[in-house]
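Observations on the three-dimensional arrangement
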Amino acid sequence: AQSVTQPDIHITVSEGASLELRCNYSYGATPYLFWYVQSPGQGLQLLLKYFSGDTLVQGIKGFEAEFKRSQSSFNLRKPSVHWSDAAEYFCARGSNYKLTFGKGTLLTVNP
Amino acid sequence: GAGVSQSPSNKVTEKGKDVELRCDPISGHTALYWYRQRLGQGLEFLIYFQGNSAPDKSGLPSDRFSAERTGESVSTLTIQRTQQEDSAVYLCASSLSAGEADTQYFGPGTRLTVL
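In short, a report on the structure. Note that this is a predicted model, so its numbers are computed, not measured.

A word on the overall build of chain B
- Helix and strand content of chain B: zero helices and eleven strands.
- Shown N-terminal to C-terminal, the secondary structure of chain B runs as helices and strands in the order β-β-β-β-β-β-β-β-β-β-β.
- A globule of 115 residues ought to have a C-alpha radius of gyration of about 13 Å, and chain B, at 13 Å, matches this closely.
- Taken along the three principal axes of its C-alpha coordinates, chain B extends 35 × 25 × 25 Å.
- When contacts within chain B are restricted to residue pairs at least 6 apart in sequence, long-range pairs at least 24 apart make up 55% of them.
- If the 11 positive side-chain charges of chain B are averaged to one point and the 13 negative ones to another, these points end up 7 Å apart.

Points about the overall build of chain A
- When helices and strands are tallied, chain A shows zero helices and twelve strands.
- For chain A, the N- to C-terminal ordering of α and β elements is β-β-β-β-β-β-β-β-β-β-β-β.
- Taking 13 Å as the expected radius of gyration for a compact globule of 111 residues, we find that chain A reaches 13 Å, a close match to that expectation.
- Principal-axis analysis of the C-alpha atoms gives chain A an extent of 40 × 30 × 20 Å.

A word on the interface of chain A and chain B
- Listed per partner, the contact involves 21 residues of chain A and 20 residues of chain B.
- Across the interface of chain A and chain B, roughly 1,700 Å² is buried in total on both sides, 55% from carbon and sulfur atoms.
- It is L44, Y97 and F101 of chain A in chain A that bury the most area against chain B; as a group they hold 32% of the surface buried on that side.
- Elements supplying a minimum of two residues to the side of chain A that touches chain B: β5 (32-38), β6 (44-50), β10 (87-95) and β11 (98-101) of chain A.
- No other element matches β5 of chain A, which puts four residues into the side of chain A that touches chain B.

A short note on the state of the cysteines
- Here the structure, examined in full by the defined rule, presents two disulfides over all chains.
- Through a disulfide, C23 of chain A is tied to C91 of chain A; the S-S separation comes to 2.0 Å. Taking the sign of the S-S torsion, -65° for the link of C23 of chain A and C91 of chain A, the bridge is left-handed. Taken together, the positions of C23 of chain A in the loop between β3 (19-21) and β4 (24-25) and C91 of chain A in strand β10 put the pair 68 residues apart, joining distant regions of the chain.
- Under the relative-accessibility criterion, C91 of chain A is labelled buried at 0%.
- Each sulfur in the disulfide pair C23 of chain B and C92 of chain B lies 1.8 Å from the other. Linking C23 of chain B and C92 of chain B, the disulfide has an S-S dihedral of approximately -65° and is accordingly described as left-handed. One end of the pair, C23 of chain B, is in strand β3 (residues 19-24); the other, C92 of chain B, is in strand β9 (residues 88-95), with 69 residues separating them in the sequence.

Some details on the pattern of salt bridges
- For the structure shown, the criterion picks out eight salt bridges over all chains.
- Put simply, R22 of chain B and D24 of chain B hold a salt bridge, and the shortest N to O gap is 2.9 Å.
- Residue R22 of chain B is classed as partly exposed on the basis of its relative accessible area, which comes to 37%.
- Given a relative accessible area of 22%, D24 of chain B falls into the partly exposed group.
- The partner of R38 of chain B in a salt bridge is E44 of chain B, and the shortest N-O contact between them spans 3.1 Å.
- Under the relative-accessibility criterion, R38 of chain B is labelled partly exposed at 31%.
- Three or more residues joined by partner-sharing salt bridges are found here, namely E64, E66 and R77 of chain A.

Comments concerning the nonpolar core
- Among the nonpolar cores identified, the biggest contains 25 residues, and L19, W35, L47, L48, F74, L76 and Y89 of chain A are the most heavily contacted of them.
- Taken together, the elements giving at least two residues each to this core come down to β2 (10-14), β3, β5, β6, β8 (64-68), β9 (73-78), β10 and β12 (105-110) of chain A.
- Excluding its chain neighbours within four sequence positions, the residues that come into contact with F74 of chain A are C23, L33, F34, W35, L48, K49, Y50, A65, E66, F67 and C91 of chain A.
- Residues V19, L21, L77 and C92 of chain B belong to the second largest nonpolar core, which totals 20 residues.

About the criteria used
- Residues numbered from 1 in each chain as written.
- Chains lettered and ligands numbered in written order.
- Predicted model: local features only at pLDDT ≥ 70, side-chain atom pairs only at ≥ 80, totals over all residues.
- Heavy atoms only, no water.
- Helix = DSSP H or I, 4+ residues; strand = E, 2+ residues; numbered from the N terminus.
- Rg over C-alpha atoms; globule rule 2.2 N^0.38 Å.
- Contact = heavy atoms within 4.5 Å.
- Lys, Arg positive; Asp, Glu negative; His and termini not counted.
- Charge placed at Lys NZ, Arg CZ, Asp CG, Glu CD.
- Buried area = accessible area lost by both parts, 1.4 Å probe.
- Disulfide = S-S within 2.5 Å.
- Buried < 20%, exposed > 50% of the residue type's maximum accessible area, 1.4 Å probe, protein only.
- Salt bridge = Lys/Arg side-chain N within 4 Å of Asp/Glu carboxyl O.
- Core = buried A, V, L, I, M, F, W, Y, C linked by side-chain atoms within 4.5 Å.

Laid out in structure tokens, this is it:
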């Protein structure tokens, strides 16, 4: 079965520091990959998605992600984190009609 | 409203009672999805609708769970004889169509607590 792994349950960074959240997906043809963010009490908001083409994808709020087929990874990055980025981040893979999600990474931002 | 809406936002119920959760998708979206998010877990797929047809119900945890959709509009998720393990946030999403490349837009969820 297809799966998505987010190895880091919780990450803490200082405001202004760079951020990288890891995501690995299981085997398959060209995957459809997504990153969502969930703020407390909110639904999931799409940050960015990868379908094909350029492996570096730009998203909202200054986030980007790079698809690396050789590593089966789709890591999310941001050069300088803001306090408002504190939230839970979910990587997901599209498979037919449904999304398969990782278990999420909780991001804490220290002042 | 342009987004997916869900009601109620919070529901507290006693074990053994039935509950109904409602989802209003984005207008024009033919596909609608239900997911469950238990504490500390990722989202689990429950069921999806293409129009008012539910081609895949395999994610429903038990026969106490059912869902229906009226046309390409409102959907309700019903849980009968609720159990404590049903406590979770139930998220609804919609998309233009039900393809793996279609972006799913999520509602704010219904937090269900079964006492």
